[in-house]
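# Overview (structure and organization)
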Amino acid sequence: MMALVLGVSAIANDCCDIKNNAKCDCTTEKKSENCHYDKEKKVIGLAHSGWRGTSKKMAAIMLEEMSKNFGTDSKDVIACIGPGICQDCYQVSGDVYEEFLKSFSKEDVETFFREDGKEHFRLSLWKANEKVLEDAGVLKENIFTSNICTACNPNLLYSHRIMGEIRGNLAAFLALK
């Protein structure tokens, strides 16, 4: 699990190490990236958020780090949730559902998951990350979700679920100008 926080020339990972750098990047094969831009402090952040990161509210951790290191106020953040696997294509087992119950209310979890047979569910990482961002103080009108599914668009994007191990990865890059 990794959260990158970038601003005036720093990246912070989930161990709270600070290193000099001037860009922010992240790779994935089916999960969504959470891209954050603090329009007031001119700070950017990028967090990879698969089911594990999302269940641990990685987007909120990123915002906390941006606040701690750069004075970011969540209401000043524009957040984008990048391409990832959609709920129709993302089947997970009951243990994933149980993991989300450790961090979210049952009512919230029921909006991210729908039952799909015995001990299986369909998970919307997009809905879950939107909830994390809203709960962390990002204004709903400042949250933009791509709604582009990697599995539904294998001619445009790589998808482990569709292509298996023989595939590329997706990458997200942010930089301040």
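Up top is the structure these notes are about.
Residues numbered from 1 in each chain as written. Predicted model: local features only at pLDDT ≥ 70, side-chain atom pairs only at ≥ 80, totals over all residues. Heavy atoms only, no water.

For helix α5 (residues 125-135), the full list of buried residues reads Leu125, Trp126, Ala128, Asn129, Val132 and Leu133. For α5, the arc enclosing every buried residue in end-on projection is 165°, short of the 170-degree limit, so these residues lie on one face. (Buried < 20%, exposed > 50% of the residue type's maximum accessible area, 1.4 Å probe, protein only. Helix = DSSP H or I, 4+ residues; strand = E, 2+ residues; numbered from the N terminus. Arc of directions from axis to C-beta.)

A word on the side chain of Asn129. Here Asn129 shows up in helix α5. Within the local environment of Asn129, its side chain forms a polar contact with the side chain of Asn34, the two groups lying 3.2 Å apart. Polar contacts involving the side chain of Asn129 include one to the side chain of Thr54, which spans 3.2 Å. What Asn129 contacts, discounting residues up to four positions off in sequence, is Asn34, Ser49, Thr54, Ala59 and Ile81. (Polar contact = N/O pair within 3.5 Å; in protein donor to acceptor, adjacent residues only side chain to side chain. Contact = heavy atoms within 4.5 Å.)

As a further point, take the environment of Ser93. Here Ser93 lies in strand β8 (residues 91-93). Separated by 24 residues in the primary sequence, Ser93 and Gly117 place their C-alpha atoms 9.8 Å from one another.

What the rule picks out here adds up to 10 salt bridges. The salt bridge partner of Lys68 is Glu65, with a shortest N-O separation of 3.2 Å. Within this pair, Lys68 and its partner Glu65 are both found in helix α2 (residues 58-70), separated by three residues, close to a single helical turn. Taking relative accessible area as the criterion, Lys68 reaches 56% and is therefore assigned exposed. According to the relative accessible area criterion, Glu65 is buried, its value standing at 9%. (Salt bridge = Lys/Arg side-chain N within 4 Å of Asp/Glu carboxyl O.)

Once that is clear, we can look at the packing of aromatic side chains. Scanning the entire structure with this criterion turns up seven aromatic pairs. For the pair Tyr97 and Phe121, a centre-to-centre distance of 4.5 Å together with 10° between the ring planes defines the contact as stacked. Residue Tyr97 is located in helix α3 (residues 94-101), and its partner Phe121 is located in strand β10 (residues 120-123); the two are separated by 24 residues in the primary sequence. Exposure remark for Phe121: the relative accessible area of 13% places this residue in the buried category. Judged by centre distance (6.3 Å) and plane angle (65°), the ring pair of Phe100 and Phe112 falls under edge-to-face. Here the residue Phe100 occupies a position in helix α3, and Phe112 occupies one in helix α4 (residues 106-112), the gap between them amounting to 12 residues. By relative accessible area, which is 0% here, Phe100 ends up buried. (Phe/Tyr/Trp six-rings, centres within 6.5 Å; stacked < 30°, edge-to-face > 60°.)

Before going further, it helps to examine the pairing of strand β6 (residues 43-49). With respect to burial, β6 is a largely interior element, six of its seven residues being buried. In terms of strand pairing, strand β5 (residues 32-38) meets β6 through seven bridges, oriented antiparallel. Residue pairing for β6: Asp38 is matched across the bridge by Val43. In sequence, β5 turns back onto β6 through a hairpin of four residues, with Lys42 there showing a positive phi of about 55°. (Pairing = 2+ DSSP bridges.)

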